[in-house]
Amino acid sequence: MFGRLMPKEGKFFDLFNAHAEQIVVGGNALVSFIANLGKDEQLAAQASDAVDTAEAQADKITHDTISLLHSTFITPLDRDEIHSLINALDDILDLIQDVTQTVSLYDIRESTAEAVQLADLCMACCSGVQQAVSRLRTAEQRVAILKTCEEIDRLESEADRVMRSAMSRLFRDEPDVRQIIKLKAMYELLETVTDRCEDVANILEGIVLENA
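Keep in mind it's a predicted model, so treat the numbers as computed, not measured. (Residues numbered from 1 in each chain as written. Predicted model: local features only at pLDDT ≥ 70, side-chain atom pairs only at ≥ 80, totals over all residues. Heavy atoms only, no water.)

**Focus on the packing of helix H2 (residues 12-36) against helix H5 (residues 113-134)**
Okay, step 1: The N-to-C vectors of H2 and H5 enclose an angle of 165 degrees; their axes lie 9 Å apart at closest approach. The angle between H2 and H5 places the two elements in the roughly antiparallel class. The handedness of the crossing between H2 and H5 is left-handed. For the pair formed by H2 and H5, the contact residues are Phe16, Asn17, Ala20, Glu21, Ile23, Val24, Gly27, Asn28, Leu30, Val31 and Ile34 on the first element and Ala115, Val116, Ala119, Asp120, Cys122, Met123, Cys126, Ser127, Val129, Gln130, Val133 and Ser134 on the second. (Axes fitted to C-alpha atoms, helices over the stretch in contact; angles between N-to-C directions. Helix = DSSP H or I, 4+ residues; strand = E, 2+ residues; numbered from the N terminus. Parallel < 35°, antiparallel > 145°, perpendicular 65-115°, else oblique. Left-handed = near helix turned anticlockwise from the far one by under 90°. Contact = heavy atoms within 4.5 Å.)

This is the structure:
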């Protein structure tokens with residue numbers, strides 16, 4: 001009797017998709033923020049605000065997912081998988097927000113070619129996360145999910161390469177120690193966004209393989 005009264009599944013996949021959509025919004029805003037840094041203050045400020053809005057929306061979705069998890073009797077995935085996935089998704093937007101806030105806090109007034117490259121790679125990873133999450137509902141999409149996760153891994157490796165190159169040029173060519181500290185922090189945070197996307201890819205790979 002008790003089991004029949006409890007929700008059997010809940011709209012977990014809808015919540016995952018909604019969160020992933022906010023990640024794409026945040027990723028696009030990050031690209032705009034970095035691209036307009038030192039060029040168009042108004043557009044950069046608008047992009048920063050868009051990141052904050054996406055992060056707040058994603059936090060609400062995360063809260064709703066955890067609440068639903070506690071009230072759902074039978075879940076479509078293992079409870080630990082649901083918890084790990086939604087928190088890993090949330091970490092991506094938290095890091096994107098960390099980038100914009102750190103740039104403002106450190107008063108970084110100009111972007112670099114490497115920062116633009118890293119932001120583009122972040123966006124590509126965010127898009128990959130959204131694509132993989134959107135396919136999670138359908139068992140027939142297992143191969144496509146794994147392929148997308150492999151692409152996210154490749155993009156994260158590319159971000160590592162770009163960051164190493166950026167650091168090398170920074171320490172070789174930049175005479176201002178304060179500027180080195182500022183740009184180093186920005187590069188590291190941008191690269192970490194791709195790390196968090198790779199974390200989601202690893203969780204998705206585990207879900208797919210475990211439920212195959």
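**What to know about the pattern of salt bridges**
Okay, step 1: Considering all chains together, one arrives at 10 salt bridges under this definition.
Okay, step 2: For the salt bridge of glutamate 151 with arginine 154, the shortest nitrogen-to-oxygen distance reads 2.8 Å. Note that glutamate 151 and arginine 154 are positioned in helix H6 (residues 142-173) at a spacing of 3 residues, about one turn of the helix.
Okay, step 3: Judged by its relative accessible area of 35%, glutamate 151 falls in the partly exposed class. (Salt bridge = Lys/Arg side-chain N within 4 Å of Asp/Glu carboxyl O. Buried < 20%, exposed > 50% of the residue type's maximum accessible area, 1.4 Å probe, protein only.)

**Details of the layout of surface pockets**
Okay, step 1: Its boundaries defined by the atoms lining it, the largest pocket holds a volume of some 260 Å³.
Okay, step 2: Leu37, Gly38, Glu41, Ile108 and Arg109 are, among the 13 residues lining the largest pocket, the residues nearest its centre.
Okay, step 3: When contributions to the lining of the largest pocket are tallied by element, the ones reaching two or more residues are H2, helix H3 (41-71) and helix H4 (79-105).
Okay, step 4: Ranked by residue count, the leading element in the lining of the largest pocket is H3, at 4 residues.
Okay, step 5: When grouped by side-chain class, the residues that make up the lining of the largest pocket number 6 nonpolar, 4 polar and 3 charged.
Okay, step 6: One number sums up the size of the second largest pocket: a volume of about 160 Å³.
Okay, step 7: What lines the second largest pocket is a set of 13 residues, among which Leu136, Thr138, Ala139, Arg142 and Asn211 lie closest to the centre.
Okay, step 8: Contributing elements (two or more residues each) for the lining of the second largest pocket: H6 and helix H7 (177-210).
Okay, step 9: Its residues assigned to classes, the lining of the second largest pocket shows 8 nonpolar, 2 polar and 3 charged. (1 Å grid on protein atoms, 1.4 Å probe; cavity = no way out; pocket = protein on both sides within 12 Å on 5 of 7 lines; lining within 4 Å. Points joined across faces, edges and corners; volume = space filled by probe spheres on them. Nonpolar A, V, L, I, M, F, W, Y, C, P; charged D, E, K, R; others polar.)

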